[in-house]
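Secondary and tertiary structure notes
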Amino acid sequence: MRLVPFTEAVDLSKVVRTDPNGDVVIEHPIAYAGDFVHRDYGPFSLTLQKFRQWQAHAAKMLAAGNEIPIWIGHPRDTAAAPAVGWIEKLEVRGDVPVAQMRLLADFAQRVARGEYRYTSPEFDDRAVDLQAKPIGSAVEGLGFTNIPFLVGNPAVELSLEQARAALASSPQAGMIRLSGHGGTVSGAESPGKIALIP
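As the structure is a prediction and not an experimental result, all values here were calculated from the model.

What to know about the overall build of the protein
Summing up its helical and strand segments, the protein has three helices and twelve strands in all. Among the 198 residues that make up the protein, the fraction classed as buried is 47%. The contacts in the protein between residues at least 6 apart in sequence include a share of 69% that link residues at least 24 apart. Accessible area of the protein: about 9,500 Å², with a carbon and sulfur share of 54%.

Right under this line is the structure:
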């Protein structure tokens, strides 16, 4: 069993900005390295190499003007599911993928009320580009959930006061505290699309 905990660098997530329409942009870690066994997908691994592939794919998508959607949970029909936010940037910091995500105003208020607390990446280990060329692993979306598969992933704790304070202050608004809880998982790598749900 291998489980890599979050580093001090990502113990806090910050409000990057709030838009005039009430959307809130935060940075938040979305996964951590380890070996896992999922009840539906079997054993798989999350590695620094995969996280770097996620970052490279996201950069290409964003450069082409395509933000990565954020949903409530993991919808079956992702093409028709309404987005509650968008990933604007994904980068690896140390050994952790951190997403800069814009939460739409209504959903940001729901997160602030504590209705949704955790993120869950949806990724494909056999992703292809528009010319059907294999590109490795890619994040295709991010779900907000209350029962995360990655039990060590910290919760998003955005209070209404913090959201309001961020709106009233500079774009470099204060830090948002995150809390996590531990867990253990084991397994080995398995290719294919994986939605990290319990």
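Structure's up, so let's keep going.
Structural notes on the nonpolar core
Core analysis: the largest hydrophobic core is formed by 31 residues, its most contacted members being Leu-46, Trp-54, Ile-70, Leu-90, Met-101, Leu-103 and Phe-144. Breaking this core down by element, the ones donating at least two residues are β2 (24–29), β4 (42–46), α1 (48–63), β5 (68–72), β6 (85–93), β7 (96–103), α2 (105–112) and β9 (134–145). The contacts of Leu-90, once residues within four sequence positions are left out, are Ile-30, Trp-54, Gln-55, Ala-58, Pro-97, Val-98, Ala-99 and Val-139.

Here we look at the layout of surface pockets
Of the voids in this model, the largest pocket is the one considered here, and its volume is about 430 Å³. If you trace the largest pocket, you find 16 residues lining it, with His-57, Met-61, Val-128, Asp-129 and Ile-135 closest to the centre. Sorting the residues of the lining of the largest pocket by element identifies α1, β5, β8 (118–128) and β9 as the ones contributing at least two each. Classifying every residue of the lining of the largest pocket by side-chain character gives nine nonpolar, two polar and five charged.

Some details on unusual backbone geometry
Phi at Ala-132 is positive, roughly 65°, even though this residue is not glycine. Classification of Ala-132 by relative accessible area gives exposed; the value is 56%.

Comments concerning the packing of aromatic side chains
Summed over the entire model, instances satisfying the criterion amount to seven aromatic pairs. With centroids separated by 5.8 Å and ring planes inclined at 65°, the aromatic side chains of Tyr-32 and Phe-36 adopt a geometry described as edge-to-face. Of the two residues examined, Tyr-32 and Phe-36, each falls in the buried class. Centroid distance Phe-36 to Phe-44: 5.4 Å. Interplanar angle 25°. Geometry classified as stacked. For the pair formed by Phe-36 and Phe-44, the shared burial category is buried.

Notes on the side chain of Glu-27
Within the secondary structure layout, Glu-27 lies in strand β2. Separated by 3.0 Å, the side chains of Glu-27 and Arg-93 make a polar contact.

Here is what the cut-offs are and how they apply
- Residues numbered from 1 in each chain as written.
- Predicted model: local features only at pLDDT ≥ 70, side-chain atom pairs only at ≥ 80, totals over all residues.
- Heavy atoms only, no water.
- Helix = DSSP H or I, 4+ residues; strand = E, 2+ residues; numbered from the N terminus.
- Buried < 20%, exposed > 50% of the residue type's maximum accessible area, 1.4 Å probe, protein only.
- Contact = heavy atoms within 4.5 Å.
- Areas by Shrake-Rupley, 256 points an atom, 1.4 Å probe, with all protein chains shown as cover.
- Core = buried A, V, L, I, M, F, W, Y, C linked by side-chain atoms within 4.5 Å.
- 1 Å grid on protein atoms, 1.4 Å probe; cavity = no way out; pocket = protein on both sides within 12 Å on 5 of 7 lines; lining within 4 Å.
- Points joined across faces, edges and corners; volume = space filled by probe spheres on them.
- Nonpolar A, V, L, I, M, F, W, Y, C, P; charged D, E, K, R; others polar.
- Phe/Tyr/Trp six-rings, centres within 6.5 Å; stacked < 30°, edge-to-face > 60°.
- Polar contact = N/O pair within 3.5 Å; in protein donor to acceptor, adjacent residues only side chain to side chain.

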